[in-house]
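# Geometric and topological summary
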Amino acid sequence: GILVDDHDQTMIHGLIEFFMHPIPCKLAFQKDFFAVLAKFVAAPPALYADDAEATVMIVTNAVISVVSNKEILSSTEKAFKKLCECGMLAQYIRLSASGSFNGDTGAGVLKFYDEL
């Protein structure tokens, strides 16, 4: 649940830009990273708002990377299938629906839902 340690917050927020690149995205989908992330955000107590936004941006960036680079996964549908199977899609919908995101986050969430 709650990211109480500065180290944990640094880690989760550092992943946002990490998932803008194809190699980390490809590895994340291959190694079930999103299953671990889904369990993490589902565990009580809930995330703080800024950590929820960071989690939304991680998944958003991963999907946008898949859209722009077919070497990660052959189709966007496969990305959504993997996210759905591991529970991350449900967590994404929960987190993105509960926040009011502006700027890059808001634009990314809209692009995510357009692709969905």
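Criteria and cut-off values
Residues numbered from 1 in each chain as written. Predicted model: local features only at pLDDT ≥ 70, side-chain atom pairs only at ≥ 80, totals over all residues. Heavy atoms only, no water. Helix = DSSP H or I, 4+ residues; strand = E, 2+ residues; numbered from the N terminus. Contact = heavy atoms within 4.5 Å. Axes fitted to C-alpha atoms, helices over the stretch in contact; angles between N-to-C directions. Parallel < 35°, antiparallel > 145°, perpendicular 65-115°, else oblique. Left-handed = near helix turned anticlockwise from the far one by under 90°. Nonpolar A, V, L, I, M, F, W, Y, C, P; charged D, E, K, R; others polar. Phe/Tyr/Trp six-rings, centres within 6.5 Å; stacked < 30°, edge-to-face > 60°. Buried < 20%, exposed > 50% of the residue type's maximum accessible area, 1.4 Å probe, protein only.

## Here we look at the overall build of the chain
A count of helical and extended segments in the chain gives seven helices and zero strands. In sequence order, the secondary structure elements of the chain are arranged as α-α-α-α-α-α-α. For the chain, the share of sequence-separated contacts (at least 6 apart) that also reach a separation of at least 24 residues comes to 71%.

## Focus: the packing of helix α3 (residues 33-42) against helix α6 (residues 88-98)
Running from N to C, α3 and α6 cross one another at 45°; their axes reach a closest spacing of 9 Å. The angle between α3 and α6 places the two elements in the oblique class. α6 is crossed by α3, and the crossing has left-handed handedness. Only Met 88, Gln 91, Arg 94 and Leu 95 of α6 make contact with α3, whose side of the interface consists of Phe 34, Leu 37, Ala 38, Val 41 and Ala 42. Grouping the amino acids of the contact of α3 with α6 by side-chain chemistry returns seven nonpolar, one polar and one charged.

## A word on the side chain of Asn 61
With respect to the helices and strands, Asn 61 occurs in helix α4 (residues 49-68). Apart from residues lying up to four places away in sequence, Asn 61 is in contact with Ile 16, Phe 19 and Met 20.

## Side note on the packing of aromatic side chains
Evaluated as defined, the whole model comprises nine aromatic pairs. For the pair Phe 80 and Phe 112, a centre-to-centre distance of 5.1 Å together with 80° between the ring planes defines the contact as edge-to-face. With Phe 80 in helix α5 (residues 76-86) and Phe 112 in helix α7 (residues 103-115), this pair connects stretches of sequence that are 32 residues apart. Residue Phe 80 is classed as buried on the basis of its relative accessible area, which comes to 8%. One aromatic cluster is present, built from ring pairs that chain together Phe 18, Phe 19, Phe 29, Phe 33 and Phe 34.

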